[in-house]
Amino acid sequence: MTDKTVNRILKWLWGILLAPIALLLLMLVTVWFFADIPTIEELENPESKLATQVIAEDGEILTTYHIENRTFVSYDELPENLVQATVATEDVRFYRHSGIDFKSLGRVLFKTLLMRNSSQGGGSTITQQLAKTLYPRRDVRSKIPGVSQMRMIWIKLKEWITAIKLERNYTKEEIVNMYLNAVFFGSNSYGIQSAAAQFFDKKPINLKVEESAVLVGMINKPTRYNPNINPDKALVRRNFILSQMEKAGYLTEAERDSIQAIPIKTYERTVDRTTGVAPYFRDMLRRTMYAEKPRRSSYDTREDFRADSLLWADDPLYGWINKTRKNDGSRYDLDRDGLRIYTTINFKMQKFAEEAVAEHLGKTLQKDFNRELKYRKSFPFSNGTPQKVMDVAMKQGRSWSDRTRNMRRAGMSEEAIAKSFTKPVQMRLFTWEKPGYVDTVMTPDDSIRYYKSFLRAAFMAIEPGTGHVKAYVGGPNYRYFKYDNVRQGKRQVGSTIKPYLYALAMEYGMTPCDQVVNLPQVIVLHGDNTWTPQDPHADGSIVDLRWGLAHSSNSVSAYLMKQLGPDAMVRMMRKMGISSYVEPVPSLCVGSADLSVFEMVTAYNTFPSGGIYTYPIFVTRIEDREGNVLSQFSDRAREALQERADYQMIGMMQGVVDGGTGGRLRGRYGLRGQIAGKTGTTNDNSDGWFIGYTPSITAGVWVGAEDRYVHFTSTALGQGANMALPIWGIWMKKVLADGTLGVSESDRFVIPEGVSTACGPSSTIGGTTLEEYYFE
């Protein structure tokens, strides 16, 4: 073979060897200059999807708003064993390369692709995986042969270049930190903070070696190696990670063996947004922050439009998303921007409230109601309910259902939708019995009737003086009953309206000791029309105003209405924070108005606040992801009652609890200390109310069915003292028993200087002076 031939062969060999390299370099240069590679600015500010945290006053996280449940943590908050497990498993030469590990690529090329040995793993470095996570791949599928492969090569080259850029602009610690904050761990957990909480109920810094190994093992295949789904596979994978750590020198052989013998113990956190603590509050908070500027055309009454317009103008939290802008002029996004919302909700009080609702409704009241429902001719509506009313209620139930919305979205006809409600289908229904649901076959129409038979409830607690909302329960179970009965719902308030009338009387100079004849009152309306409220206790005896409020006398309330007038009563209600439309009619004195639990409880909170109405507040501040304060929210208050009138009202409302319609708190629930409040029951027992307060806390409860024609027949069971008051009593017992919540039986109402509550010995109940009876 001549030298010329040898040289020619050598040239061909060099050409064969160098051509791919040259082609690769050419493609890299082409991609660098022409592809959509992230800029340095984009690398420093990648599109984030950080979860917004909603935080209780004691630091507990109530929930997160998110597309991806992700919360950023710094490198200092990562345990060393987690970083070591990540490097040992995902990129053992991480600290020795500059974004691309050519040795690993060679291994993949020859062993995985040529020798078909898939056990050799991938060739992507941690930096490349970070680039892929921060800038997700687009769909590369194509019907044209070879196009998909070319697109994948193009994307890979982009990721290489992005990885090199990342290495040039960030330290290794910053890269591994971004990586662990970005990767998906399964079970809706994005980033190490969410994963540590989801699987071990810990912060990342507190993870043990074996726990870190479990989480790192899930990065590759989150579902296959999920310890709650596939515990056996997760154990094998974890032990493999530990072996990798031993090979890399992070563990000794003895440490590896001892840790591998430890079983996996996980904490399974429910990630469904319909569960967890305070779901109704979380939903209300989101609605409030996303509220839009009110438009008159969206409201039925001028008063409701005016109320929301004032909220828009005066409450910075109402419509915060639409009123607050980032530096670049864009709006914040609760699902992406990683905000921290610090609320006034007390975690313990909230849990106690949810427990109290479930205990009373689930264990007692619903069972009593079910016994009555057995004898209904048109279940669950009360006997005598007009057919037209039932038809409207059922039509609304169908219209509001997910079934109707989904079928309309799919283009189904109204006839087909209506027919679908008569065909039995498999479904899961709520029940108070464990496990909280029952699987059955039922027509959708029957399921609507079934759900209408359940009693609903609403509970809210607020702190006197500050207006801080401490607990908020909008219904019996958010998963199945999403309507918020605290703020969205408005129901007839019954006798819980009477304290506003009595407060007006005190403001006009009357006293609790003023006496009236307990007879039915006739009020002239228009022309010859009159109105007389029913009152079975109107026996002609001489009673004072204290007795009238304590025993919820309709006749005494009607007497005061004749003296003061409905317009003056409405003005007093406005002063105390009632913003909904209230018709100024004489029947207002016995509770004809429809109001929300939210405004009723905040109005009652005026009494233990020294006559000062304090606007309710449930968020104290909002921070961005870096901890910078974006908004702070302070108390707003105004004087509603004179001190004298306010304390007189406290004394009379203590009488409701000490010897009136609220007496079960003392007897059945054994509560001591100073408590004031008022019960309320509406026509046909459709609604039961109790709102009470101590010197340290105010709370209110409403109980009723979705439809007013679904109610107790028995007043003994359907009155507020039986439907609503027990929830208050159960909750208060839990709060007092805890001993750490700032509520105590030794708390005392402050008596204003110069105010006397004495009525004199002439006013008695059963031989006991009123002073002794009401102010022990």
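Computed from a prediction, not measured in an experiment: that's the story for all the values here. (Residues numbered from 1 in each chain as written. Predicted model: local features only at pLDDT ≥ 70, side-chain atom pairs only at ≥ 80, totals over all residues. Heavy atoms only, no water.)

Chemist: Please explain the sheet that holds strand β8 (residues 455-462) as it appears in this structure.
Modeler: Within a beta sheet, neighbouring strands are joined by backbone hydrogen bonds and run either parallel or antiparallel to one another. Read across the open sheet, the 5 strands follow the order β9-β8-β22-β21-β20; overall the sheet is antiparallel. Only two strands of the sheet have a single partner each, and these edge strands are β9 (469-473) and β20 (676-681). Across the sheet, the mean angle from the axis of one strand to that of its neighbour is 5°, orientation sign disregarded. In the sheet, β20 pairs with strand β21 (residues 687-693) via 6 bridges, with the strands oriented antiparallel. Within the sheet, the bridge partner assigned to Thr681 lies in β21 and is Gly688. Helix α28 (residues 725-738) rests against β8, β20, β21 and β22 (698-705) of the sheet, and its axis sits at about 140° to β22. (Pairing = 2+ DSSP bridges. Helix = DSSP H or I, 4+ residues; strand = E, 2+ residues; numbered from the N terminus. Axes fitted to C-alpha atoms, helices over the stretch in contact; angles between N-to-C directions. Contact = heavy atoms within 4.5 Å.)

Chemist: Quick question: what am I supposed to make of unusual backbone geometry here?
Modeler: Only a minority of non-glycine residues have a phi that is not negative, and only a minority of peptide bonds are not trans. For the bond running from Phe379 to Pro380, omega is 0°, close enough to zero to count as cis. As for its placement among the helices and strands, Pro380 is situated in the loop between α15 (347-373) and α16 (387-399). The peptide bond linking Lys434 to Pro435 adopts the cis configuration, its omega dihedral lying at 10°. The backbone of Ser552 sits at a positive phi, close to 55°, despite the residue not being glycine. Residue position: Ser552 is located in the loop between α21 (545-550) and α22 (554-564). Judged by relative accessible area, Ser552 falls into the buried class, the value being 16%. (Buried < 20%, exposed > 50% of the residue type's maximum accessible area, 1.4 Å probe, protein only.)

Chemist: It is not clear to me how the layout of surface pockets should be interpreted in this structure. Could you clarify?
Modeler: Over the atoms rolls a probe the size of a water molecule, and its path tells where empty space is left. The space that makes up the second largest pocket amounts to roughly 1300 Å³. As for the second largest pocket, its lining consists of 32 residues, and the residues nearest its centre are Gly397, Trp400, Ser401, Tyr480 and Glu706. For the lining of the second largest pocket, the secondary structure elements donating two or more residues are α16, α17 (402-409), β6 (425-430), α19 (444-452) and β22. In terms of residue count, the dominant contributor to the lining of the second largest pocket is α19 (5 residues). Counted by class, the lining of the second largest pocket contains 12 nonpolar, 7 polar and 13 charged residues. (1 Å grid on protein atoms, 1.4 Å probe; cavity = no way out; pocket = protein on both sides within 12 Å on 5 of 7 lines; lining within 4 Å. Points joined across faces, edges and corners; volume = space filled by probe spheres on them. Nonpolar A, V, L, I, M, F, W, Y, C, P; charged D, E, K, R; others polar.)

Chemist: Mind showing me how you'd approach the packing of aromatic side chains here?
Modeler: Ring pairs (aromatic) are described by centroid distance and by the angle formed between their planes. Within this structure, the stated rule accounts for 24 aromatic pairs. One Lys or Arg, Lys482, reaches over the ring of Tyr478 and ends 5.5 Å from the middle of that ring. (Phe/Tyr/Trp six-rings, centres within 6.5 Å; stacked < 30°, edge-to-face > 60°. Lys NZ or Arg CZ within 6 Å of the ring centre and 35° of its normal.)

Chemist: How should I be thinking about the nonpolar core in this particular structure?
Modeler: One recurring pattern in soluble globular proteins: nonpolar side chains tend to sit buried together. Judged by nonpolar contacts, the single largest core of 98 residues is most densely connected at Leu285, Tyr472 and Phe607. If we ignore the near neighbours within four places in the chain, the residues touching Tyr472 are Tyr280, Phe281, Met284, Ile345, Gln350, Phe459, Met460, Asp484, Val486, Arg487 and Phe598. (Core = buried A, V, L, I, M, F, W, Y, C linked by side-chain atoms within 4.5 Å.)

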